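So the chains spell out like this:
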Protein chains: 2
Amino acid sequence: MADSAVKLYDTTLRDGAQMEGVSLSVEDKLKILHRLDEFGVHYVECGYPASNPKDEELFRRLREVNLRQAVPVAFGSTRKAMIGAEKDRQLEELLRAETPAVCIVGKTWELHVRTALRTGLDENLFMIADSVEYAKRHGREVIYDAEHFFDAYKNNPRYAMDTVRAAVEAGADWVCLCDTNGGTLPWEVQRIFSEIREKIPVPIGIHAHNDSECAVAVSLTAVMEGATMVQGTVNGYGERCGNANLCSIIPALVLKMGIPVVSMESLAGLTELSHYVSEIANIKPDSHQPYVGQKAFAHKGGLHVSAVTRDPETYEHIRPELVGNMQRIEVSELSGKSTIIVKGKELGQDLSRHPEKVQEILDMVKEMEHRGYHFEAADGSFELLMRRALGMHKVFFRLESFRVIMEKREDGKVVTEATIKVHVRGKRVIATAEGNGPVNALDNALRLAIGRAYPELADIDLQDYKVIILNPEKATAAVTRVLIETGDGEKTWGTIGVSENIIEASWQALVDSVEYGLLHKKAQP
Amino acid sequence: MADSAVKLYDTTLRDGAQMEGVSLSVEDKLKILHRLDEFGVHYVECGYPASNPKDEELFRRLREVNLRQAVPVAFGSTRKAMIGAEKDRQLEELLRAETPAVCIVGKTWELHVRTALRTGLDENLFMIADSVEYAKRHGREVIYDAEHFFDAYKNNPRYAMDTVRAAVEAGADWVCLCDTNGGTLPWEVQRIFSEIREKIPVPIGIHAHNDSECAVAVSLTAVMEGATMVQGTVNGYGERCGNANLCSIIPALVLKMGIPVVSMESLAGLTELSHYVSEIANIKPDSHQPYVGQKAFAHKGGLHVSAVTRDPETYEHIRPELVGNMQRIEVSELSGKSTIIVKGKELGQDLSRHPEKVQEILDMVKEMEHRGYHFEAADGSFELLMRRALGMHKVFFRLESFRVIMEKREDGKVVTEATIKVHVRGKRVIATAEGNGPVNALDNALRLAIGRAYPELADIDLQDYKVIILNPEKATAAVTRVLIETGDGEKTWGTIGVSENIIEASWQALVDSVEYGLLHKKAQP
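Residues numbered from 1 in each chain as written. Chains lettered and ligands numbered in written order. Predicted model: local features only at pLDDT ≥ 70, side-chain atom pairs only at ≥ 80, totals over all residues. Heavy atoms only, no water.

> When you look at the environment of glutamate 213 of chain B in this model, what are you seeing that I'm missing?
In this fold, glutamate 213 of chain B is placed in the loop between strand S7 (204–208) and helix H9 (215–224). Looking at glutamate 213 of chain B, the relative accessible area reads 15%, which means it is buried. Non-local contacts of glutamate 213 of chain B, meaning those with residues more than four positions away in its chain, are made with Asn210, Val216, Asn245, Ser248 and Pro290 of chain A. (Helix = DSSP H or I, 4+ residues; strand = E, 2+ residues; numbered from the N terminus. Buried < 20%, exposed > 50% of the residue type's maximum accessible area, 1.4 Å probe, protein only. Contact = heavy atoms within 4.5 Å.)

> Looking at this structure, I do not really get the interface of chain A and chain B. What am I missing?
Between chain A and chain B, the residue contacts involve 104 residues of the former and 104 residues of the latter. The tally of links between chain A and chain B comes to two salt bridges. The tally of links between chain A and chain B comes to 35 residue pairs in polar contact (both at pLDDT 80 or more). Take the side of chain A that touches chain B: its biggest share by element is ten residues, from strand S11 (residues 398–408) of chain A. Within the side of chain A that touches chain B, the residues separate by chemical class into 42 nonpolar, 36 polar and 26 charged. Across seven bridges, S11 of chain A lies against strand S11 (residues 398–408) of chain B in antiparallel orientation. Each bridged residue has a counterpart across the sheet, and for phenylalanine 402 of chain A the counterpart in S11 of chain B is lysine 408 of chain B. (Salt bridge = Lys/Arg side-chain N within 4 Å of Asp/Glu carboxyl O. Polar contact = N/O pair within 3.5 Å; in protein donor to acceptor, adjacent residues only side chain to side chain. Nonpolar A, V, L, I, M, F, W, Y, C, P; charged D, E, K, R; others polar. Pairing = 2+ DSSP bridges.)

> Can you walk me through the packing of helix H14 (residues 337–346) of chain B against helix H15 (residues 355–370) of chain B in this structure?
Relative placement of two packed helices is described by the angle separating their axes and the distance separating the axes. Residue and element names in this part refer to chain B. The geometry of H14 relative to H15 is characterised by a closest axis approach of 10 Å and an angle of 105 degrees between their N-to-C directions. Taken together, the axis directions place H14 and H15 in an arrangement best described as roughly perpendicular. Along the contact surface, H14 presents Lys337, Ile340 and Ile341, while H15 presents Val358, Gln359, Ile361 and Leu362. When grouped by side-chain class, the residues that make up the contact of H14 with H15 number five nonpolar, one polar and one charged. (Axes fitted to C-alpha atoms, helices over the stretch in contact; angles between N-to-C directions. Parallel < 35°, antiparallel > 145°, perpendicular 65-115°, else oblique.)

> Which parts of the structure should I look at to understand the nonpolar core?
Proteins that are soluble and globular tend to have nonpolar side chains buried together. Of all hydrophobic cores here, the largest spans 206 residues; its most connected members are Phe149 of chain A together with Phe149 of chain B. Excluding residues within four positions of it along the chain, phenylalanine 149 of chain B makes contact with Thr108, Ala160, Met161, Val164, Leu177, Cys178, Ile192 and Ile196 of chain B. Residues Ala433 and Leu519 of chain A together with Met406 and Leu510 of chain B belong to the second largest nonpolar core, which totals 84 residues. (Core = buried A, V, L, I, M, F, W, Y, C linked by side-chain atoms within 4.5 Å.)

> Got a minute to help me understand the packing of aromatic side chains in this structure?
The geometry of an aromatic ring pair is captured by two quantities: the separation of the ring centres and the angle between the planes. Throughout the structure, instances matching the rule amount to 20 aromatic pairs over all chains. Relative to phenylalanine 150 of chain A, the ring of phenylalanine 149 of chain A lies with its centre 5.5 Å away and its plane at 90 degrees, an arrangement referred to as edge-to-face. A centroid spacing of 6.2 Å and a plane angle of 85 degrees characterise the contact between tyrosine 43 of chain B and tryptophan 174 of chain B, whose relative ring orientation is edge-to-face. Taken together, the residues span a long stretch of sequence, with tyrosine 43 of chain B in strand S2 (residues 43–47) and tryptophan 174 of chain B in strand S6 (residues 174–179) at a distance of 131 residues. By relative accessible area, tryptophan 174 of chain B is classed as buried at 8%. A network of ring pairs unites the aromatic residues Tyr9, Tyr43 and Trp174 of chain A as a single cluster. Here the guanidinium or amino end of arginine 35 of chain A rests over the ring plane of tyrosine 276 of chain A, the centre of that ring lying 4.0 Å away. (Phe/Tyr/Trp six-rings, centres within 6.5 Å; stacked < 30°, edge-to-face > 60°. Lys NZ or Arg CZ within 6 Å of the ring centre and 35° of its normal.)

> Please explain the side chain of asparagine 325 of chain A as it appears in this structure.
Residue and element names in this part refer to chain A. Along the chain, the position of asparagine 325 falls in the loop between helix H13 (302–310) and strand S10 (328–329). Only 3.3 Å separates the side chain of asparagine 325 from the side chain of arginine 328, close enough to count as a polar contact. Every residue in contact with asparagine 325, bar those within four places of it in the chain, is listed here: Thr271, Tyr291, Val292, Gly293, Ala296, Phe297 and Pro320.

> So what exactly am I meant to see when it comes to helix H4 (residues 110–117) of chain A here?
Note that an α-helix has 3.6 residues per turn; residues three or four places apart therefore point the same way. Inspection of H4 of chain A places Glu110, Leu111, His112, Val113 and Thr115 of chain A among the buried residues, and these make up the whole buried set. Following H4 of chain A by one or two positions, arginine 118 of chain A adopts a phi angle in the positive range, close to 55 degrees.

> What is the right way to read the sheet that holds strand S12 (residues 414–424) of chain A from this model?
One key point about sheets: their strands pair by backbone hydrogen bonds, in either a parallel or an antiparallel sense. Spatially, six strands are ordered S13(A)-S12(A)-S11(A)-S11(B)-S12(B)-S13(B) in an open sheet, and the strand pairing comes out antiparallel. If you trace the sheet from one side to the other, it starts and ends with strand S13 (427–434) of chain A together with strand S13 (427–434) of chain B, each paired once. Averaged over neighbouring strand pairs, the angle between their axes works out to 10 degrees when direction is ignored. Pairing of S12 of chain A with S13 of chain A, which is carried by eight bridges, proceeds in the antiparallel orientation. What sits directly across from threonine 419 of chain A, in S13 of chain A, is threonine 432 of chain A. Those strands touched by helix H17 (residues 438–450) of chain B are S11 of chain A together with S11, strand S12 (414–424) and S13 of chain B, and its axis lies near 40 degrees from that of S12 of chain B.

> How do you make sense of the domain arrangement of chain A when you look at a structure like this?
Interface size, as often reported, equals the accessible area lost upon joining of the parts. According to the domain assignment, chain A contains domain 1 (7–262) and domain 2 (398–520). The C-alpha-based centres of domain 1 of chain A and domain 2 of chain A are spaced at 48 Å. (Domains from an automatic or database assignment.)

> When you look at the relation of the copies chain A and chain B in this model, what are you seeing that I'm missing?
Both copies of the chain are related through a single rotation about an axis accompanied by a shift along the same axis. With an RMSD of 0.1 Å, chain A superimposes on chain B once it is rotated by 180 degrees and translated 0.0 Å along the axis. The transformation relating the two chain copies, once decomposed into turn and shift, fits a two-fold axis. Considering only C-alpha atoms, the residue of chain A closest to the rotation axis is isoleucine 405 of chain A, which sits at 2.3 Å. Comparing interface residues between copies, 100% of those in chain A also sit at the interface in chain B, which points to an isologous, same-surface contact. (Least-squares fit on C-alpha atoms with pLDDT ≥ 70 in both.)

> Can you walk me through the pairing of strand S5 (residues 141–147) of chain B in this structure?
The side chains of a regular strand alternate, first on one face of the sheet and then on the other. Residue and element names in this part refer to chain B. Burial analysis of S5 places six of its seven residues in the buried class, the great majority of the element. Examined bridge by bridge, strand S4 (residues 101–107) and S5 share seven bridges and lie parallel to one another. In the strand pairing of S5, valine 105 is matched with aspartate 145. One ladder, built from four bridges, connects S5 with S6; its direction is parallel. In the strand pairing of S6, isoleucine 143 is matched with tryptophan 174.

> Honestly, the confidence of the model for chain A in this entry has me stumped. Any pointers?
Should the pLDDT be low somewhere, the predicted coordinates at that spot are not to be read in detail. Residue and element names in this part refer to chain A. Averaged over chain A, the pLDDT score is 90; the fraction of residues at 70 or greater is 95%. Note on residues 473–477: pLDDT is under 50 here. Beyond four places in sequence and across chains, it has three contacts. Here the prediction assigns the complex a pTM of 0.77, and the interface score ipTM is 0.77. (pLDDT = per-residue confidence, 0-100.)

> Help me understand the sheet that holds strand S1 (residues 7–10) of chain A, please; the structure alone is not making it clear to me.
Residue and element names in this part refer to chain A. One closed barrel holds the eight strands; their spatial order is S1-S2-S3-S4-S5-S6-S7-S8, and the pairing between them is parallel. For this sheet the average axis-to-axis angle between neighbouring strands, irrespective of direction, equals 25 degrees. Bridge count between strand S7 (residues 204–208) and strand S8 (residues 229–232): three bridges; the pairing is parallel. Its bridge partner lying in S8, histidine 207 is registered against glutamine 231.

See below:
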């Protein structure tokens, strides 16, 4: 557990859940909370009890949860205008959540007081003071979120500071300055912090949004200028353009700014944390995401590859292992011979003595990329291509034909069925299986047909299936690229198929997926 | 054409093309070049003649191209060690490209001179001077890219400045400081610029990569500190984590920093430019991308929606129209009644007087989202849901049943065929059609069956088809969500289907797609 002067405040479960496509169950939220706790996040904002009925159950169950260090936080806003705090239903629900800390958001910007609250400037100050004081009276640690602080300060610095003072005088433990609309640039944060830092007698936080693509820079700049709390979300999830991305902020704090917000051991789990949350949130990971993306340390330019294999520092800003990521050498039209040689080495072949073989493979890759293949996400298919070129390939089965039938019958029932005819170890096998869809049915039929010969298949599962339509403008001549990700519990591999027909493309990717799996399980044809 | 003190330098065609999945033909590159020229970019780096044979044809065809203002640039590196510049094949090809300007990249960092070049520090200085001088002697405008400048400067400021001086003394017109590994933070750029600005007597540029998620902030900070050229790519395309994103840099320069790098009229074409390039590059647009993303100005929280419809400035950092984007009000579990009322208004219904109806629709949305639906990307399906709830729905046809057969025959040929039985205007119609895949065949059969009754269908095309597997961990119980995007040449709409069976889910989305299209074409059942 890192004892750091700067505290991490995660709001994936509240602000992050606002993002399109994210819909977290109570179970999901508890899983993420535990992960964040183990990782070393200091505060975890779990939800907005008054806005979301699901969160009521979450807070109820939270009372029985043991956390290592994370402080769970419930989120709410200041009381309604012209009533007492104790009469405000929303504040009542905030306290009923029974979390040790609460976050109360209040208005800082005149425009919002007038347009959103439709009340007076003085009444807003009372609303802030009353609400903070009410939560403090009930023993809560209070984080006061000053909504739109930077816009408000640029518009009317005096009133903006009045609202902050109201919160501080009512006992707020933290004041968190929010760039709610995400429009503020780093040097504005620098200037404003230098003006207000001395005037706020409690620790200051930063809460940034990414609408100017500067949320990470804004958050780090605030820390440079004295902020000791950073609010953000895992992978930068959040509505519009997202929140400040903790997966980029944390490694910068630890590795570049020397602020140990988490231990080095935790940091090495960052990539896993990122993928874990994306999996639960059911958002496809961004492979180009800084630090944790699959391509964050991928090299494919020929020159880059030969330098980076000699000394990684030449083209890598940090050592990928420090954040649990890894260097990847990839193959493409642009890559030179050095990439093929590196890949050959991984297969135990020294190709540096066979330049003609290297050229042959390179030509083949270029020709296939021209037809729509892309091997960057299909390491499995690329290895099979290399094996074929090097005479290291094994044929596990041969397809004779297949047929898939899907019916939606008059009673509304949908049935999908695949029949496959294959030759395996000299025998002709016919198998029929049902499935959720055509590829699933084909996969099931293939496993049925060859599963007896290759029991190794039982451990190999299709994990992801992706379809991309190339040249969509030429509707009928369009080519379909299918990527399949397969895993055996230890590692995953990508395979690819390209064809005008989606089923043919899927079949190619499926066959590569199974062949790669059998090869690495050391199965014998 | 904007006459600006700061120049935009686009490298989408060279550095951007290094990104996974991007593979641009000569035709594609010319299209993008023309678009960038029309938009008002000042320099367009078209390629690296010596590394890519495709680029040879490009540069040949470039000679016959008329541009409004953009200066095409060819990219190359300094000469090899220990030979004369005129003997360097790569520099020869650079000049053979016959562009008015060239960009020459050289080593700034000792580590690279030793590890990548494997030559002496002095020889590197000669390589820089000779190469720049050689290009100047042949009448080129020379942009000198100081690779790894910031890392090099931190490591050995004297040698880093020696390399820059070598380029300047040899006649370089620009020195562009590169953060090649993307590890530099904004305040480091600020500090280093303040130290070196006065020592470089020619205009300075900035070239940043996004490995720390700070490339936009680094680029803008450099401009604040005196840089007058910004190198970047459309949508931030580039290897690893991408290059500095011009789509975020340009609006910040124009709207927030008062630097008119392009005209306001051009700026209003930014969203279109972003989507145009992503379409040609065949990369799905990032809907959360700042400024230009489909969700960049989307609001779904209930409180946000009621404030933002009163005054957009409350939750938008710029007016979306300025960059050619638009405000979007979206529907989801988290959104309140105000969203439903706004959507009702769009259908010409004043729901504010029918709170029970609003609640009914909200409950329905919540229940469907629970089953896996998501209406943010399915505005078409949501409108149909509203219409059904409000008794405004029209039934254009009724399905009896369908069957799809796909075969891969012994001769390797693949055939997909769909048969559909529908009732349309009181008649039972049976139609069979082939297709590239099951959904395409179904779409074709449906059009055949009802196309005579609804000739409006001829203008309506499926444009995109997306499959997401939900809860993939529960393999057999997994639910498939299908999103279809359809267009009629004027507008596009999204529709959704959810089912355990991918074909059933596709059918739902397909039916919604056709019904929405027919409704808006004012077809009569």
